[in-house]
Amino acid sequence: MENITSSDFTSPETMRDFFAFYHRLVEQQEPLYRLDDFFGMGGAWIAFRHDDAAAVLKDPRFLKDMRKLMPQQDQAGSAATNASVNKLIEWMKHMPNMLSVDPPDHTRLRRLASKAFTPQMIEGLRPRIQQIADELLDRVEGQGRMELVADFAYPLPIMVISEMLGIPASDQNRFREWTQRLGKAALDPRDSDAVTTALDEFIQYIKGLLDDKRRNPGNDVTSGLVQAFDEGDRLSENELLSTIWLLITAGHETTVNLIGNGVLALLQHPEQMNLLRENPSLLPTAVEELLRYAGPIMITSRFAGEDVIIHGKTIRKGEMVVVSIAGANIDPHKVANPETLDITREENEHLAFGKGIHHCLGAPLARLEGQIAFGTLLRRLPNLQLATGSEPVEYHFSTLRSLVRLPVTF
C-alpha cells in the first residue's frame with residue numbers, strides 16, 4: 001500500500017481526481033491515522049470521515065489559536081523545518097483574525113465583521129452582483145471564447161468584496177497575485193522570501209487603505225471597522241489589519257474557485273448542465289451540490305487544546321488534526337452515491353463552509369454569487385463548452401482546489 005504524504009493532500013493530481021485519492025485514504029483502513037510530518041509542522045492526525053470531521057470542527061477542545069499551542073510544537077522541533085510556515089505562524093501570532101483565534105476573541109471579532117453580512121445586506125447586493133456578471137459577459141460575448149477564471153470567475157467576487165470594503169477598482173488585481181503567492185509559498189519551504197514579500201506588500205497596502213478611510217470615510221465595511229477601532233470598540237490595530245486582510249482574501253478566493261470548479265464540473269456532466277439550464281429553479285440545490293462535489297476548500301486544521309480520544313487513539317494536547325473537507329463531503333456513510341454529481345440532491349450536509357463557531361461568515365454571499373454566476377452563464381451562453389485543443393486542466397499546488405485556467409468557447 002502506497003504511503004500518503006502531506007503533499008498528496010494539495011497536489012494538482014489530487015485536485016484533478018480527488019476520488020482516486022479518497023480511495024487511497026479509505027485503503028488505510030484507519031478512520032483516524034497519523035502522518036509523521038505535515039508540511040514541516042510536525043506530526044498530524046488526519047480526519048476524513050464526515051462525522052469525525054464535523055465533530056472536530058464543532059468540538060471546543062480543538063483550537064485554532066496557534067499562540068496558545070505553538071510552544072508544544074516548538075519543543076518538538078517540528079516547525080523549524082519550514083521557514084515559510086514559520087513566517088506565517090509568526091505573522092498569525094501578531095495579526096489575529098476571527099479564523100485564527102478562539103472565544104472570547106473570536107466572538108468579539110466575528111460580531112464586528114458580521115454587521116456587514118446580515119441577510120438583508122447580502123440580499124441587497126443581488127442587483128449589483130447581477131450587473132457585474134452581465135457586464136463581464138458583455139466584454140467577451142462577441143469573441144465567442146474566454147478564459148473563464150481570468151475573465152469571469154475572478155473579477156466577479158473581487159469586484160463585489162472590493163466595493164463592500166471601499167477598495168478602488170484599480171487595485172483589485174493585486175489581491176489575486178498576493179493570495180496565490182502566499183498559498184503556494186506556505187507549502188514550499190524554499191519560498192520563505194516570497195512569503196515575506198507578499199505579506200509585507202499586502203499589509204502595507206491595507207495600512208494605506210485604513211489611513212485613507214480615516215481621512216475620507218465612506219459607507220463601506222472598512223470605514224465602519226475603522227470607526228469601531230477609533231471609538232475604542234475593543235478592536236486592536238493588528239486585529240483591524242488582519243480582519244481587513246481576511247475579508248479581502250476569504251471574500252474572493254473561495255468564490256473564484258467555486259465558480260471555476262463548478263463550471264468545469266457542469267461541463268464534464270452535460271446532462272446536469274442542460275438540466276440546470278432548463279430548470280433555473282434548481283440553482284440553489286445545484287450550488288450546494290457543486291460545493292459538495294467540487295468545493296474549493298480541501299483541508300483545514302485544528303489543534304488539540306487537551307488530550308482527546310477519538311476511535312481509541314489519543315490526540316495529545318498541542319497536536320494538529322488535519323480535517324479533509326473534500327473527503328468528508330464524499331463519505332459514502334453520509335452521502336448516497338457520493339461520486340455522482342446530482343444537482344437535484346436535497347439532503348446535502350456538506351462541510352464546504354465548515355462547521356461550528358468558525359462556519360464561514362460569508363457563506364450567504366458566496367451562495368448568492370454562485371447562483372448568479374452559474375445562472376447568468378447558462379442563460380447567456382447556451383453553447384458553453386471546453387475549448388477544443390486546450391491544454392489539460394491544470395490546478396495550483398494549494399490547500400484550495402484552484403484551477404490555473406479554464407478556456408471555454410460559446
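Refer to the structure above for everything that follows.
Here the structure is a predicted model, which means the values were calculated and not measured.

S.K.: Describe in detail the overall build of the protein chain, supporting the description with residues and values.
M.R.: On a plain count of helices and strands, the protein chain comes out with 19 helices and 10 strands. Taken over 410 residues, the protein chain has a buried fraction of 55%. In the protein chain, the share of contacts with a sequence separation of at least 24, taken over all contacts with a separation of at least 6, comes to 73%. In the form shown here, the protein chain has an accessible surface area of approximately 17,600 Å², with 50% of it arising from carbon and sulfur atoms.

S.K.: Please give an account of the environment of Ser-6 that cites residues and values.
M.R.: As for its placement among the helices and strands, Ser-6 is situated in the segment before α1 (12–16). In sequence terms Ser-6 and Phe-38 are 32 residues apart; their C-alpha atoms lie 5.1 Å from each other. With residues near it in sequence (within four places) discarded, Ser-6 still touches Leu-35, Asp-37, Phe-38 and Phe-39. Here Phe-39 takes part through its backbone nitrogen, which lies 3.4 Å from a polar atom of the side chain of Ser-6.

S.K.: Quick one: what's the story with the pattern of salt bridges, residue by residue and with numbers?
M.R.: Any two side chains of opposite charge can pair if their charged atoms end up close together. One pass over the full model with this rule turns up 22 salt bridges. By sharing partners, the salt bridges in this structure join Asp-134, Asp-138, Glu-141, Arg-379 and Arg-380 into a single network.

S.K.: I'd like a rundown of helix α6 (residues 105–114), residues and numbers included.
M.R.: Turning to α6, its buried residues number three or more, namely His-106, Arg-108, Leu-109, Leu-112 and Ala-113. Each buried residue of α6 sits inside an arc of 165 degrees when the element is viewed along its axis, so together they form one side. In this structure, the buried side of α6 is in contact with α13 (221–230) and α14 (237–250).

S.K.: Which residues make up the packing of α13 against α14, and what values do they have?
M.R.: Two elements in contact, α13 and α14, have axes separated by 10 Å at closest approach and are oriented at 165 degrees. With respect to their mutual orientation, α13 and α14 come out roughly antiparallel. Of the two elements, α13 crosses α14, and the hand of that crossing is right-handed. Contact residues: Val-221, Thr-222, Leu-225, Val-226 and Phe-229 in α13; Glu-237, Leu-240, Thr-243, Ile-244 and Leu-247 in α14.

S.K.: Any details on the environment of Leu-275? Residues and values, ideally.
M.R.: Among the secondary structure elements, Leu-275 is positioned in helix α16 (residues 270–278). Sequence-distant contacts of Leu-275, defined by excluding residues within four places in its chain, comprise Leu-282, Ile-343 and Thr-344.

S.K.: Describe the sheet that holds strand β2 (residues 44–47), with residues and values.
M.R.: Across the sheet, which stays open at both edges, the 5 strands sit in the order β1-β2-β8-β5-β3 with mixed pairing between neighbours. Two strands in the sheet have a free side with no partner beyond their single neighbour: β1 (32–35) and β3 (62–63). Both β2 and strand β8 (residues 320–324) contribute to a ladder of 4 bridges, which runs parallel. From the neighbouring strand, Ala-44 faces β8, where its bridge partner is Met-320. Across the face of the sheet, helix α3 (residues 50–58) comes into contact with β2, β3, β5 (299–304) and β8 while running at roughly 130 degrees to β8.

S.K.: Go over the nonpolar core with me, naming the residues and quoting the values.
M.R.: Residues Phe-9 and Phe-152 are the most contacted members of the largest nonpolar core, which totals 111 residues. With 9 residues, helix α19 (residues 363–380) is the largest single contributor of residues to this core. Setting aside residues up to four positions removed in sequence, Phe-152 forms contacts with Ala-133, Leu-136, Leu-137, Met-146, Glu-147, Pro-157, Ile-259, Ala-373 and Leu-377. Membership of the second largest hydrophobic core comes to 17 residues, among which are Trp-45, Val-308, Val-321 and Ala-328.

S.K.: With reference to specific residues and values, describe the side chain of Arg-302.
M.R.: As for its placement among the helices and strands, Arg-302 is situated in strand β5. One buried charged side chain, Arg-302, makes no salt bridge at all; its nearest oppositely charged neighbour is Asp-102, positioned 6.6 Å away. Not counting the four nearest positions on each side in its chain, Arg-302 is found in contact with Val-56, Leu-57, Phe-62, Leu-63, Lys-64, Glu-319, Met-320, Val-321 and His-358.

S.K.: Account for the packing of helix α15 (residues 253–268) against helix α17 (residues 283–294), with residues named and values stated.
M.R.: It is the contact of α15 with α17, at a shortest axis distance of 10 Å, that shows an interaxial angle of 95 degrees. With respect to α17, the axis of α15 lies roughly perpendicular. Contacts between α15 and α17 involve Leu-258, Asn-261, Gly-262, Ala-265 and Leu-266 on the former and, on the latter, Leu-290, Leu-291, Tyr-293 and Ala-294. For the contact of α15 with α17, the class distribution of residues is 7 nonpolar, 2 polar and no charged.

Conventions used here
Residues numbered from 1 in each chain as written. Predicted model: local features only at pLDDT ≥ 70, side-chain atom pairs only at ≥ 80, totals over all residues. Heavy atoms only, no water. Helix = DSSP H or I, 4+ residues; strand = E, 2+ residues; numbered from the N terminus. Buried < 20%, exposed > 50% of the residue type's maximum accessible area, 1.4 Å probe, protein only. Contact = heavy atoms within 4.5 Å. Areas by Shrake-Rupley, 256 points an atom, 1.4 Å probe, with all protein chains shown as cover. Polar contact = N/O pair within 3.5 Å; in protein donor to acceptor, adjacent residues only side chain to side chain. Salt bridge = Lys/Arg side-chain N within 4 Å of Asp/Glu carboxyl O. Arc of directions from axis to C-beta. Axes fitted to C-alpha atoms, helices over the stretch in contact; angles between N-to-C directions. Parallel < 35°, antiparallel > 145°, perpendicular 65-115°, else oblique. Left-handed = near helix turned anticlockwise from the far one by under 90°. Pairing = 2+ DSSP bridges. Core = buried A, V, L, I, M, F, W, Y, C linked by side-chain atoms within 4.5 Å. Lys, Arg positive; Asp, Glu negative; His and termini not counted. Nonpolar A, V, L, I, M, F, W, Y, C, P; charged D, E, K, R; others polar.

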